[in-house]
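One letter stands for each residue in the lines below.
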Amino acid sequence: MSKLEKTIDIICAGEVLIDFIGHEVNTSINRTKDYHRFLGGSPTNVAVNAARLGLNSVLVATCGQDGLGEYIVRKLNANNVITSHIRKSDTEPTSVIFVSKSTGTPDFIPYREADYQITENQIPDELLASANIFHTTCFALSKNPARTTILESAKKAKLLGLQTSIDINFSERIWPDREEAKLVLKEYLSTNPLVKLSEDDCYRLFAESKTEDFIFEYFHDLGASTICLTKGKDGVVLSDKNFGMFYQKAQKIDEIKDTTGAGDAFWTGFLYAQLLKKSFEETITIAQKLAILKLQNVGRLPEDMDIEEYLK
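Quick look at the structure, then. (Residues numbered from 1 in each chain as written. Predicted model: local features only at pLDDT ≥ 70, side-chain atom pairs only at ≥ 80, totals over all residues. Heavy atoms only, no water.)

## A closer look at unusual backbone geometry
Moving on, step 1. A cis amide bond links N144 to the next residue, P145, at an omega of 5°.
Moving on, step 2. Take P145: it is sitting in the loop between β8 (131-137) and α4 (146-159).
Moving on, step 3. Positioned with a positive phi, N80 is a non-glycine residue whose angle comes to about 65°.
Moving on, step 4. For N80, the position within the fold is in the loop between α2 (67-78) and β5 (86-89).
Moving on, step 5. For N192, which is not glycine, the phi dihedral falls at a positive 55°.
Moving on, step 6. If you trace the backbone, N192 turns up in the loop between α5 (178-189) and β10 (194-198). (Helix = DSSP H or I, 4+ residues; strand = E, 2+ residues; numbered from the N terminus.)

The following block contains the structure:
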């Protein structure tokens, strides 16, 4: 295959869905009366945030051939995300998730339909060859056909010299079989992705608290050189096989308005800084700045500001 020019910064493959986020803060879903509609899905958030940073981002995802699917594509186009690899299913409706608005870890109820119907023809070799980063999530790998499509694409991406990436946003409600999840993660981690996970993710994946040493050793052994563990108000720990361990404390925030999507904002900043060949210190600082901006805004990053300028 001839060497294509790299015209795409990042391919995000995985779930696109509608988040119906409760209107009252720290109220259970049981007691929430009103919900506001937001474009959601972790890879979707990363694709939108990346485009806001001036990157060329492609979202590979599937929604329904319905009003919510139309809303998704309209919103993505308005945010300059490349939507030519989004498929609209005639048989499954758009996936939705009801989420309680929370200053902690939110409660949610998923209704999954179209989001995991990602097929091989949505990720052609030419697309992979034209990109720098291939990113996905644990959520996206939880069901077939998306799982097989994404695993095969990640292996091809690796051979083509792309940097793979994964947010291990594990939840037993999305993926009840933990042992299967670990096997699938092992397969994806063989591509040496940049790995993002949170303390919550680890607790859910291992069904108990694990030490940082255990977590880093576990994922390094599966093949990942760079692992970034986010710990909320306790900051970020990065472990890199060549660079060693690096800790950065969290920056203080006066008021958290909405935690949904903060991890995605953090990781977009991380990938953006890595594309710019920044050091790990600088990378984490940029990632934290973007996460803080998200925590202070409900829904998405603020529309009326130059985020590239803000990061400088």
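## With respect to helix α1 (residues 42-52)
Moving on, step 1. The buried fraction of α1 amounts to 11 of the 11 residues, a majority that puts the element mostly inside the structure.
Moving on, step 2. Within α1, burial applies to S42, P43, T44, N45, V46, A47, V48, N49, A50, A51 and R52.
Moving on, step 3. Where α1 terminates, the next one or two residues include G54, which has phi positive at roughly 85°. (Buried < 20%, exposed > 50% of the residue type's maximum accessible area, 1.4 Å probe, protein only.)

## A look at the pairing of β8
Moving on, step 1. Counting buried residues in β8 gives six out of seven residues, a clear majority hidden from the surface.
Moving on, step 2. Sheet topology places strand β1 (residues 8-13) next to β8; four bridges connect them, and they run parallel. By the bridge assignment for β8, I11 is matched with F134.
Moving on, step 3. Direction of pairing for β8 relative to strand β9 (residues 163-167): parallel, over a ladder of five bridges. Counterpart to I133 in the pairing with β9 is Q163.
Moving on, step 4. You can see the chain leave β8, run along α4 and come back into β9, and the turn it takes is right-handed. (Pairing = 2+ DSSP bridges. Right-handed = clockwise from strand over helix to strand, strands pointing away.)

## Things to note about the sheet that holds β5
Moving on, step 1. Here nine strands make up an open sheet; going across it, the order is β5-β4-β1-β8-β9-β10-β11-β12-β13 and the pairing mixed. Every other strand in the sheet has two partners, leaving β5 and β13 (244-248) as the edge strands with one partner each. Averaged over all pairs of adjacent strands, the angle between strand axes in this sheet comes to 15°, irrespective of strand direction.
Moving on, step 2. Looking at chain direction, strand β12 (residues 236-240) and β13 are connected through five bridges and run antiparallel. Opposite V237, over in β13, you have Y247 as the bridge partner.
Moving on, step 3. Sitting on the sheet, α2 is in contact with β4 (57-64) and β5, with an inclination near 165° to β5.
Moving on, step 4. In the packing of helix α6 (residues 199-206) onto the sheet, the strands contacted are β9, β10 and β11 (226-230), and the crossing angle to β10 comes to about 85°. (Axes fitted to C-alpha atoms, helices over the stretch in contact; angles between N-to-C directions. Contact = heavy atoms within 4.5 Å.)

## With respect to the packing of α5 against α6
Moving on, step 1. Following both chains from N to C, one finds α5 and α6 inclined at 120°, their axes separated by 9 Å at the closest point. The angle between the axes of α5 and α6 places the two elements in the oblique class. Contact with α5, carried on its side by R178, A181, K182 and L185, involves R204, L205 and F206 of α6 and no other residues of that element.
Moving on, step 2. By residue class, the composition of the contact of α5 with α6 is four nonpolar, no polar and three charged. (Parallel < 35°, antiparallel > 145°, perpendicular 65-115°, else oblique. Nonpolar A, V, L, I, M, F, W, Y, C, P; charged D, E, K, R; others polar.)

## Digging into the sheet that holds strand β7 (residues 108-111)
Moving on, step 1. With mixed pairing, the four strands of this open sheet are ordered in space as β3-β2-β6-β7. Each having just a single partner strand, β3 (35-40) and β7 make up the two edges of the open sheet. Adjacent strand axes in the sheet meet at a mean angle of 20°, parallel and antiparallel pairs treated alike.
Moving on, step 2. Most of the contacts of α2 go to β3, to which it runs at about 60°, and overall it touches β2 (17-25), β3 and β6 (96-101).

Purely geometric stuff here, so don't read any function into it on its own.
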